[in-house]
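Each chain, letter by letter, is given below.
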Amino acid sequence: MSRTPVVVLISGTGSNLAALLASARDPQCPYAVVAVIADREASGLEHARAAQIPTEVVRLRDHADREAWDRALAAAVTRHRPELVVLAGFMKLVGPPLLSAFGGRIINTHPALLPAFPGAHGVRDALAHGVKVTGASVIEVDPGVDTGRILAQVAVDVLEGDTEQTLHERIKAAEQPLLVEVVRRLTSPRPVGPQAAGSR
């Protein structure tokens, strides 16, 4: 089976990346992670290195300005010819070069039920507002901040006494299988022929 090539971008420990790699070990998995790119020497790169997947670090400080970094990131991703780009805990906004090269083919996870609580502090903001339910979203990336089309969501209850850390850990536990399900769905072969119309 020919697998759909996926590039994953990370900034941290790579828990979502680890879930994607675990799923990819299934012989029937429709995708293959062909590279992992980070904006810093993130600990999550070890997941890729252990699986002998190419890694690259594209640091902002190594470039003259943000525009140069945007171009370098887009070039690094493009070299691996992915059909899908997954931001899995990638803590920088992607710029026009990557969006124009892979428009409609970049997805991101967010630890809240968008459109509620966008931005870098979705878990903290949900707690501050006193909501009883929050969750995780997987979205299609657009030029805005967490404004893209929502592809899937999962709800997570906020428990009495939750801290930002305890709530975020439970959200991550729900977010990982959600992301894997979306990536599998987006990379699965689409049915063709007369039977396709009735297959969905």
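Our subject is the structure that appears above.
Quick look at the structure, then. Counting from 1, residues in each chain are numbered in the order their sequence is written. In keeping with the model being predicted, local features are shown solely for residues with a pLDDT of at least 70 and side-chain atom pairs are shown and tallied solely at 80 or more, while totals for entire chains, interfaces and linings include all residues. Excluded from the side-chain calculations are hydrogens and water; all other atoms, namely the structure's heavy atoms, are used.

1. Structural notes on the overall build of the chain
- Comment: elements are numbered from the N terminus, with helices defined as DSSP H or I runs of at least four residues and strands as E runs of at least two. Helix and strand counts for the chain come out as six helices and seven strands.
- Relative to a compact globule of 200 residues, whose C-alpha radius of gyration would be 16 Å, the chain shows 17 Å and is just as compact.
- Taking the principal axes of its C-alpha atoms as reference, the chain extends roughly 55 × 45 × 30 Å.
- Only protein chains enter the accessibility calculation, which uses a 1.4 Å probe. A residue is then buried if its area is under 20% of the maximum for its type, exposed if over 50%, and partly exposed in between. In the chain, buried positions account for 44% of the 200 residues.
- Two residues qualify as a contact provided that any one of their heavy atoms is within 4.5 Å of a heavy atom in the partner residue. Pairs at least 24 apart in sequence give 62% of the contacts found in the chain among residues at least 6 apart.
- When charges are counted, Lys and Arg contribute as positive and Asp and Glu as negative, whereas His and the chain ends are disregarded. Taken as the charge centre is NZ of Lys, CZ of Arg, CG of Asp or CD of Glu, depending on the residue. Charge centroids of the chain, computed over 21 positive and 21 negative side chains, lie 6 Å from each other. For the radius of gyration, the atom set is restricted to C-alpha positions; the globular benchmark scales as 2.2 Å times the number of residues to the power 0.38.

2. Concerning the pairing of strand S4 (residues 84-87)
- Residues of S4 alternate between two faces, with Leu 84 and Val 86 on one and Val 85 and Leu 87 on the opposite face, all of them buried.
- Across four bridges, strand S1 (residues 4-10) lies against S4 in parallel orientation. Residue pairing in the sheet places Val 7 in a bridge with Val 85 of S4.
- When DSSP finds two or more bridges between a pair of strands, those strands are recorded as paired. Sheet analysis places S4 next to strand S5 (residues 106-110), joined by three bridges and oriented parallel. Bridging from a neighbouring strand, Val 86 pairs with Ile 107 of S5.
- Orienting the strands away from the viewer, one traces the path from the first strand over the helix to the second; a clockwise path indicates a right-handed crossover. In this region the chain leaves S4, passes through helix H4 (residues 96-101) and returns to the parallel neighbour S5; the handedness of that crossover is right-handed.

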